Amino acid sequence: MGENIKADMEFSILASTFEKIEAITSRTQMTMYLVDLFRKTPPEIIDKVIYLIQGKLWPDWMGLPELGVAEKTLVKAIALATNTPESKVEALYKKLGDLGKAAEALKKEREKSSAGMGLLAFIPTEKKEKLTVLKVYNTFTRIALATGEGSRDIKLKLLAGLISDASPKEAKYIVRFVEGRLRLGIGDATILEALAIVYGGGAHTRPIIERAYNLRADLGNVAKVLALKGLEELKGIKPEVGIPVRPMLAERLSSPMEILKKAGGKALVEYKYDGERAQIHRKGSNVWIFSRRLENITKQYPDVVEYTLKHLKSNEAIIEGEIVAYDPDTGELKPFQELMHRKRKHDIHIAMKEYPVKVFLFDLLYADGEDYTNKPILERRKKLEEIITPSEVFRIAEYIMTDNPEELEKFFLKAIEDGAEGVMVKALHGQAIYQAGARGWLWIKYKRDYKSEMIDTVDLVVVGAFHGRGRRGGTYGALLMAAYNPEKDVFETVCKVGSGFTDEDLAKLPEMLKPYIIDHKHPRVVAKMKPDVWVTPALVAEIIGAEITLSPIHTCGMDAIKPGVGISIRFPRFIRWRPDKGPEDATTTKELIEMYKKQLKKITA
Ligand code: ATP
C-alpha cells in the first residue's frame, strides 16, 4: 500500500487486457491474455495487478475497507473530470445502462472537441500524465482508506483526478472498478495456470504454485514470492498466522460399510455439526477467525475470540472447528439458520446474548512455528488436545474410533439426535495429511438427508436466466444452473429451476442478477441451452429435486455415463441462496456423476 516501488507499468496495458477478456468466449483464450499480461508486468507489482483483475484492492479476508464511493459521487467525479453537467452524465448513464460506458463516451467526446481546437489542444493545462498501474492502485487505496469527516470530498477529488488523466478506455474500467462492477469472472485456477506458464516454467508447475496458494490464500502474495524469488522458494512455504489456509473438504458416501472401506478400515468418526466453519488463528493477544470462504468473521464472534484467548494454550497457532448456536437453557444445539439470525443483528453484543455459541474443534494446522498440514491426522489431533484446555463452550468435537459399520451407524443416529447433520469419517492412516484446498476421500461426510429420494441437495451456480411470464412478468421465471468442473475450471449446466421460489425471492431476482448480467455466454460456462440472459457465474443456490437423470441438453458430466448425454435433475426446486459459497464451492460435476451412480445402485439393489 502506497509503498515506493520503482517498477511500474502503463495502466493502458491492463485496460486493454480487460477489454480483450470481456469480448472472448473461451477459457484458453482468457489464460493466454493473462499470460501476455503477466509477461509485461514487472514482478514487483504482480500482486497489485492480480488484485486489480479480480476487481479488488486486497484479499477479502484482510477485512480492509472497500472503495466506498457512492454512485452519486462517481457521477460527480465524471462530471468534474469531463467538464460536463451532472445531469448529462446521468442521462447518458440511463441511456447506456453502464456508468463506465458513459464515462468512456464523455471522454471520447472531449478528446474530439480538443482535437478540433487544433494547436490549442496542446496547451499545458491539457497535458496529461500517462496513468500507471501503481498510480491507479495507490489512488484507489487512498480513496478506500479515506474515512471520517471530509472523506467524501477527498474521495471525489482523487477520483476526478484519475478520470481526468485517463484515456476513454481507462476511464471506463476505472469507473467500473470503483462501482464494483468489473466482474470479469476470472477464476483463481485460470490465474494459477497463467502464473505457472510465465514464472514456473510451464503449466506442469501449477500444482506447486497451487499448494503454496492453498497454504496461504493470498494469490498476490504467492505470485510475488514466485515472481521475485522463484519456484524453489515457493516449495518451502508454510502457513502464516493471519493469512487463511484454504480449507480441506470432504467427499460424500451413504453406506457405512463403503465409507469404512474407502477410509481404509479403522477411522475417526466425528459429529458433523450444523454451524459455521471457523479457522481460528492466534498470535499472542491477536485472534483472527476466517469462514469457509475465507472471509474475516472475527468481528461477528467476540465470544469466540475470548474463548480462544482463554482456552488455547499455544501462543501461535491455527486451529479449525465449527461454531454452533445453542440454547443456553437446555444446552441443545441449534441449526445453522440460528447463526444466520445472529448475523442479521446489528448490535453484536445483543446478538451474542440472544444467540450464544459453542466451538467444536476438529483440526490443527500450525502451532508454534511448525507446519502441521503435512503431518498425519493422529499427530495433529494429539497436538490439538495438548494445547486446548477444554470447556463447555470450546472443546474437541464428539468422536469415536471404529472399524465397525454398525457402530458407525449407531453413532450417526446419535449425532442426529444431538442436533448434528450426520458424521464426518476421517481416514487414520499415515498418509492422512491435511489436504488444504482439496476435496478428497481422506474425509467422508455421511449426512442425514442421503436417505431421501434425491439423495441430497446440491449447490449450483446461476449462469443464465429466463424471463418470466404472467404472474412472473417483469422478473425472471427460471434460472439456468450449473455445477463446477474443477479439472477444466468451467461451469457445466445441470438444470433450469423455476419452482421453490417464494414471491419475495422472485421479486428480488432482477436486482440480485443485475450486476452479473453479460451480453454473451461467460467463457467459463459450457452450455447447450440458451437462456434469455447470460450471467457471470457468481451466485450459488441450494437445489433439491426428485431424482438425478440423464439429459441430452445439459452439459454436466457430458459423455461420462453415455456418449452425448449429460447429467440433470428432474423437478428441481430452489431451497435457498448459499451466500457462504463462491462459484468454485458449488457441487462438482464429479460429485453429480457419483450421485447418479449411487442412485442407480440403489434402484437396482
Ligand atoms: P456442507 O454443505 O455439507 O456443509 P461443504 O461443501 O460446506 O459441505 P464439506 O467439506 O463437504 O463442506 O463438509 C464439511 C463441512 O462440515 C465443513 O466445511 C465444516 O463446516 C462442517 N463440519 C462440521 N463438523 C465437522 C467436523 N467434525 N469435521 C470437519 N468438518 C465439519
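This text gives an overview of the structure that appears in the document. Sequence order as written defines residue numbering, which begins from 1 separately in each chain. With pLDDT at 70 or above as the cut-off, local features in this predicted model cover only qualifying residues; side-chain atom pairs require 80 or more to be listed or tallied, and sums for whole chains, interfaces and linings still use all residues. Computation of side-chain values covers all heavy atoms of the structure but excludes hydrogens and water.

### Digging into the overall build of the protein
We count a stretch as a helix when DSSP gives it H or I for four or more residues in a row; a strand needs E for two or more, and each element gets its number in order from the N terminus. Tallying secondary structure elements over the protein gives 21 helices and 21 strands in all. Put simply, the radius of gyration uses C-alpha atoms, and a globule should come to 2.2 Å times the residue count raised to 0.38. The C-alpha atoms of the protein give 26 Å as radius of gyration, which agrees with the globular expectation for 605 residues (25 Å, within 12%). The principal-axis extents of the C-alpha atoms in the protein amount to approximately 90 × 60 × 55 Å. Expressed as a percentage of its 605 residues, the buried residues of the protein come to 55%. The contact criterion used is simple: two residues touch if any of their non-hydrogen atoms lie within 4.5 Å. Here the contacts in the protein between residues at least 6 apart in sequence split such that 73% fall between residues at least 24 apart. Accessible surface area values rest on a Shrake-Rupley calculation with a 1.4 Å probe, where residue burial reflects the displayed protein chains alone. A total accessible area of about 27,000 Å² is found for the protein, and carbon and sulfur atoms account for 52% of it. Side-chain charges of the protein comprise 94 positive and 85 negative groups, with the mean position of each set lying 3 Å from the other. A 1.4 Å probe rolled over the protein chains alone gives each residue an accessible area, and that area as a share of the maximum for its type sets the label: buried under 20%, exposed over 50%, partly exposed in between. The positive count covers Lys and Arg only, the negative count covers Asp and Glu only, and His and the chain ends enter neither. Throughout, a charge is located at the NZ atom of Lys, the CZ atom of Arg, the CG atom of Asp or the CD atom of Glu.

### A short note on the nonpolar core
Residues grouped as a nonpolar core are buried Ala, Val, Leu, Ile, Met, Phe, Trp, Tyr and Cys residues, joined through side-chain atoms within 4.5 Å. By size, the foremost hydrophobic cluster in this structure holds 149 residues, and its most contacted members are Phe38, Phe140, Ile319 and Val425. A total of 9 residues in this core trace back to one element, the largest contributor, which is strand β6 (residues 357-367). Throughout the structure description, domain borders are defined by an automatic or database domain assignment. Residue contributions to this core reach at least three from each of two domains, namely domain 1 (1-186) and domain 2 (249-447). Residues contacting Val425, with those up to four places away along its chain left out, are Ile259, Leu260, Ala263, Ala267, Leu268, Val269, Leu408, Leu442, Trp443 and Ile444. Grouped together as the second largest cluster of nonpolar side chains are 31 residues, Phe501, Ile543, Phe574 and Met595 included.

### What to know about the side chain of Asp459
With respect to the secondary-structure elements, Asp459 resides in strand β12 (residues 458-467). For Asp459, the side chain forms a polar contact with the side chain of Lys581, separated by 2.7 Å. For Asp459, the contacting residues outside a window of four places in its chain are Val540, Ala541, Glu542, Arg578, Lys581, Ala586 and Thr587. Think of a polar contact as two N or O atoms within 3.5 Å of one another; within protein, one of them needs to be a possible hydrogen donor and the other a possible acceptor, and neighboring residues in sequence only count if both atoms come from side chains.

### What about the packing of aromatic side chains?
For Phe, Tyr and Trp, rings pair up if their centres lie within 6.5 Å, where Trp contributes its six-membered ring, and each pair is then called stacked (planes under 30 degrees apart), edge-to-face (over 60) or tilted (otherwise). For the structure on display, the rule yields 13 aromatic pairs. Residues Trp61 and Phe290 carry aromatic rings whose centres are separated by 6.0 Å and whose planes lie at 85° to one another, so their mutual orientation is edge-to-face. Of this pair, Trp61 sits in the loop between α3 (46-53) and α4 (71-82) while Phe290 sits in strand β4 (residues 286-290), placing them 229 residues apart in sequence. With respect to burial, Trp61 and Phe290 carry one shared label: buried. Ring geometry for Phe140 against Phe177: centres 4.7 Å apart, planes inclined by 5°, an arrangement best described as stacked. A residue pair is termed long-range when its members are at least 10 positions apart, and Phe140 in helix α7 (residues 133-145) and Phe177 in helix α9 (residues 168-179) qualify at 37 residues. Here Phe140 falls in the buried class, since its relative accessible area comes to 1%. Grouped by ring-pair contacts, the aromatic residues Tyr271, Tyr273, Phe360 and Phe411 constitute a single cluster. Counted as over-ring charges are cases with an Arg CZ or a Lys NZ within 6 Å of the ring centre that also lie within 35 degrees of the ring normal. In this structure, Lys358 is placed above the aromatic ring of Tyr326, and the distance from its NZ or CZ to the ring centre is 4.8 Å. Sitting above the plane of the Tyr399 ring, Arg381 keeps its charged end 5.1 Å from the centroid.

### Here we look at the site of the ligand
In these notes, residues near a molecule or strand are those with any non-hydrogen atom within 4 Å of it. Around the ligand sit 18 residues, and of these Ala250, Glu270, Arg292, Glu322 and Lys445 come closest. At 3.1 Å from a nitrogen atom of the ligand is found a main-chain nitrogen or oxygen belonging to Tyr273. Contact distances for the ligand include 2.9 Å between an oxygen atom and a side-chain N or O atom of Lys447. Calculation on the ligand without its partners gives an accessible area of 600 Å², and the protein chains cover 95% of this total. Of all elements in the fold, only β1 (249-252), β2 (267-272), β10 (422-427) and β11 (439-447) reach the threshold of two or more residues within the shell around the ligand. Take the shell around the ligand: its biggest share by element is 4 residues, from β11. Three classes are used: nonpolar for Ala, Val, Leu, Ile, Met, Phe, Trp, Tyr, Cys and Pro, charged for Asp, Glu, Lys and Arg, and polar for all others, with Gly counted as polar. For the shell around the ligand, the residue count by class is 7 nonpolar, no polar and 11 charged.

### Describing the pairing of strand β14 (residues 490-497)
Counting buried residues in β14 gives 7 out of 8 residues, a clear majority hidden from the surface. The pairing criterion is simple: DSSP has to find at least two bridges between the two strands. Sheet topology places strand β13 (residues 476-485) next to β14; 7 bridges connect them, and they run antiparallel. In the strand pairing of β14, Leu480 is matched with Lys496. Linkage of β13 to β14, two consecutive antiparallel strands, is achieved through a turn of 4 residues, within which Asp489 is found at a positive phi near 55°. Across 2 bridges, the pairing between β14 and strand β16 (residues 525-526) is parallel. From the neighbouring strand, Phe491 faces β16, where its bridge partner is Val525.

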